[in-house]
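# An overview of the molecular structure
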There are 2 protein chains.
Amino acid sequence: MDDIVAAARRLRGHAVRTPLLASPDLDEVAGRRVMVKAEPLQRTGSFKFRGAWAALGLLSPAERSRGVIAFSSGNHAQGIALAARDHGAPAVIVMPADAPRLKIDNTRALGAEVVLYDRAGGEDRDAIGEKLAEARGLTLIRPFDDPRVIAGQGSVGLEIAEDLGPAAQGDVLVCCGGGGLAAGVALALEARAPGLRVRPVEPAGFDDMTRSLAAGTRLRNAPGAASICDAIVTDSPGALTFPILHRLCGPGIVVTDAEALRAMALAFLRLKLVLEPGGAVALAAALFHPDAIAGDMVTVVATGGNVDPATFADALRRIDA
Amino acid sequence: MDDIVAAARRLRGHAVRTPLLASPDLDEVAGRRVMVKAEPLQRTGSFKFRGAWAALGLLSPAERSRGVIAFSSGNHAQGIALAARDHGAPAVIVMPADAPRLKIDNTRALGAEVVLYDRAGGEDRDAIGEKLAEARGLTLIRPFDDPRVIAGQGSVGLEIAEDLGPAAQGDVLVCCGGGGLAAGVALALEARAPGLRVRPVEPAGFDDMTRSLAAGTRLRNAPGAASICDAIVTDSPGALTFPILHRLCGPGIVVTDAEALRAMALAFLRLKLVLEPGGAVALAAALFHPDAIAGDMVTVVATGGNVDPATFADALRRIDA
C-alpha cells in the first residue's frame, strides 16, 4: 500500500485524474447504477501509462540513461514509450508484427525503437528481448508481473475509493489480462474502501484468470483461441498478481467479442467515450451479465481506447438505426 | 461572478468535473500545446446540462411543479430534460422535426414531452411555445439568453481557471452558437484567470458572432446556409451574451464542416473522446487555423458529443488507413 501511495504521488500532475462517468440509459440496461472509470482518457489512451510512469520514476540515473525494454502488443508499449521519453530514457519495445497498426505507429511516434517479431511463426520473444537487454544494458519493465507496475496501476483504485468514499459497497469489474491492474486496484481498495470487491473480466477463450481463481491455482489457456480483445489475450495469470487476486477478488466473469462490441457502441452513445474491445469487456459484463453481479451499484474500469477505426466502425454498425 | 460561483456550488456532485485532456500528437499538429476541456463527458453528453441544472435550481417550488419549457434542436433539450427530471419538474421541449434523431430520442427517453415543429415549412416556434407556456403555466428556459443559464455555463470557466492557475496566458477557443457558454466562460476567466481570453469559433455560413464582434453590433446570418454543426447554427448573437463577448472576447474564428469532421477523427484517435460536429469546431480551429491564435498554449472547450453513428463513421473515414 505504501508503494501504491508513493506511485500515486509521483503520478500527480503527470497522469490524467480520470472521471467516473454514468448514464441513466446504461443504468437501465444493467438494472443497477453503473459507474465507469474512464481510463481511455489517460495519457496514451490506456491505464498502462500509470504503471509505466511509476516504474520509470524508480530507476537510477544510470539505469535511465541506458534505457528500458518492454514486451507488449500495444498499450504497455505506448505507456512505456511516453513515460521513457518524459524521463529522458531510451525505450526499446518488442511487439508482435500482427499487433494493431495504430498501436505500432503510436509507439514509434512516441520515440521508441520498435522491434517486431513473428508471433504466429514461433519466434521466441523472450530470447530476442534478453539478447537486446544484455547487449545494451536495458532494464526490463514487465507489463504486469512487476511490483513497480502493479503499484502504479493501484492508483486507479485509490481514485475510485476517493470518489465513492470509504463506505462504498459493490463489485468493481476490471478488464483483465495478466492481472496487474486488477491486483493494484484490489490492494488499494482493501485499504481504502474494503466494501468494494474486484471482479476480473475476460474474453471467451482467454479466461485463464477466471478458471485459475476457481481452481485455486494458475492455469493456462488452451492454444488456438482467437479474440478481438488484443489488449488482454494473455496466456496465464502472473506469478505475482495471482496470489493477490486469489486472496482479494470475487469470481471472474467471461464475455464474448460480440458483447464487447455492443458495449463499445453503448459507450459511444451514452458516455461519449471511445473504448477498444479489450477495454470494454468489464462494461460488457455489467450490461449483459447482470445476474453475475451483486448489489445496487457496480463500478466498471474501462481500461483503454486504442482501437483501429475499422473495428470501431464495426461496433457502430451494431447500433439500431 | 457571484451567480457563477453559486451555480458552480449547486452543480457540485451533480455535474461531472470534466478533465482537461492533451496529446503530444495534437500538440504537433497545432504547433503549440493544446488542452481540451472534455464536455462531451458531461451528463447528457454536452455542457448544456450545467446551465439547465443551474436554472432549475432557482425555480420556486410552485414553478417547479408546474414545469418548464424549452426550445432546442437537441443539447439544451436533453440538459433541460434531465435537470427537470432530477428536480421533479415536468418538461416540455419544442424541437425542430429535422433535429438529429439521437437527440430527439434521448430527450424523450429522459421523460420530457417533445413537441416537434416544421422548421423548413415556416411554423412559428415561438408561437407554439408561448401558447403551451401560457396554457400550462410553464417557465421558459432559453438556451443562451438567460442569466441563470449563462451563470451555469460559467462553471466551465471556473474549472479551467482552477486547472490552469490564475497566471495562465493564452486563448480559450469556445464553440459558439448564441454565445451563452462563451459569455459565462469569459466572465469566469475575467475574475479568475484574466490572462486567458475567450475566442468564439463558428462554422462557415453561421459566423454571425464573428462578424458581429468585428462590426461592434449584432448581425444576422444570411438565410439559406447549411452546416452539419447542428448544435450551433443559431441566427444571431444573444441580446444578453453579445455585450459580454464584445467587452471580453478576442476575434472569432470560422471553420469548415470538413475541418470539424477531421477534428472529430483526431479526437477519436488521440483523446478517445466522441465529439459532434458542433462540439468540434473549437478543436478544428486550434488544429487547422494556428495562425489565427497567439501564444504557446491554447485551450479548447469541446462542447458536446451527441452525434449520430453515421456522421461519426463519416468522420472516421477521414483517417488515413
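Here the residue numbers are simple positions, counted from 1 along each chain's written sequence. Chain letters start at A and ligand numbers start at 1, both assigned in the order the entries are written. Confidence filtering applies because this is a predicted model: local features only for residues at pLDDT of at least 70, side-chain atom pairs given and counted only at 80 or more, and all residues used for totals across whole chains, interfaces and linings. Based on all heavy atoms of the structure, the side-chain values leave hydrogens and waters out of the count.

To keep things clear, this is the line we draw: UniProt positions are given in the numbering used here, feature names are shortened, and annotations may be inferred rather than shown by experiment.
The name given to chain A in an unreviewed UniProt entry is Threonine/serine dehydratase, with Palleronia sediminis as the source organism. Among the UniProt annotations of chain A, the heading Sequence similarities (unreviewed entry) holds the following wording: "Belongs to the serine/threonine dehydratase family." If you open the UniProt record of chain A and go to Cofactor (unreviewed entry), you find "pyridoxal 5'-phosphate".

## Brief notes about the relation of the copies chain B and chain A
Worth spelling out the cut-off: Here the copies were fitted onto each other by least squares, based on C-alpha atoms from residues at pLDDT of at least 70 in both. A contact between two residues is defined here by any heavy atoms of the two lying within 4.5 Å.
Screw-axis analysis of chain B against chain A gives a translation of 0.0 Å along the axis, an RMSD of 0.0 Å, and a rotation angle of 180 degrees. Look at the turn and shift together and you get a two-fold axis relating the two. Closest approach to the rotation axis within chain B is made by the C-alpha atom of Leu273 of chain B, at a distance of 2.6 Å. Both copies share a contact surface, since 100% of the interface residues of chain B are interface residues in chain A too.

## Topic: the environment of Met1 of chain B
Residue and element names in this part refer to chain B. Spelled out, the test is: Strands are runs of DSSP state E lasting at least two residues, helices are runs of H or I lasting at least four, and both sets are numbered from the N terminus onward.
Within the secondary structure, Met1 sits in the segment before α1 (2–11). Put simply, Met1 and Arg192 are 191 residues apart on the chain and 9.7 Å apart in space, counted from C-alpha to C-alpha. Residues in contact with Met1, not counting those within four places in the same chain, are Leu158, Leu187, Ala188, Ala191 and Arg192.

## As for the sheet that holds strand β8 (residues 196–203) of chain A
Residues and elements named next belong to chain A. What counts is decided by this rule: The rule for pairing is simple: two strands pair if DSSP sees at least two bridges between them. Note on geometry: axes are lines fitted to C-alpha atoms, helical ones only across the stretch in contact, with angles between N-to-C directions running from 0 to 180 degrees.
Strand order in the open sheet formed by 6 strands is β1-β2-β10-β7-β8-β9, and the pairing between neighbours is mixed. The open sheet terminates on both sides in strands that have one partner only, identified here as β1 (20–21) and β9 (253–255). The pairing of β8 with β9 spans 3 bridges and is parallel. Within β9, the position partnered with Pro203 by the bridge is Val255. Strand contacts of helix α10 (residues 208–215): β8 and β9, with the helix running at about 130 degrees to β8, the strand carrying the most contacts. Lying over the sheet, helix α13 (residues 277–288) contacts β2 (33–38), β7 (170–175), β8, β9 and β10 (297–302), oriented at roughly 150 degrees with respect to β7.

## Points about the domain arrangement of chain A
All names here are of chain A. For the record, the criterion: Boundaries between domains were set according to an automatic or database domain assignment. Once two parts are put together, the accessible area they lose, assessed with a 1.4 Å probe and summed over both, is termed the buried area. When a carboxyl oxygen of Asp or Glu lies within 4 Å of a side-chain nitrogen of Lys or Arg, that pair is called a salt bridge.
Once the domains are mapped, chain A shows domain 1 (2–47 + 146–316) and domain 2 (49–140). A separation of 23 Å is found between the C-alpha centroids of domain 1 and domain 2. When domain 1 packs against domain 2, close to 2100 Å² is buried across both sides, 53% of that on carbon and sulfur atoms. If you sort the residues of domain 1 by the area they bury against domain 2, Arg10, Thr44 and Arg148 come out on top, with a joint share of 31%. Applying the counting criterion to the domain 1 and domain 2 interface returns 5 salt bridges. We note a salt bridge from Lys103 to Glu276, for which the minimum N-O separation is 2.7 Å.

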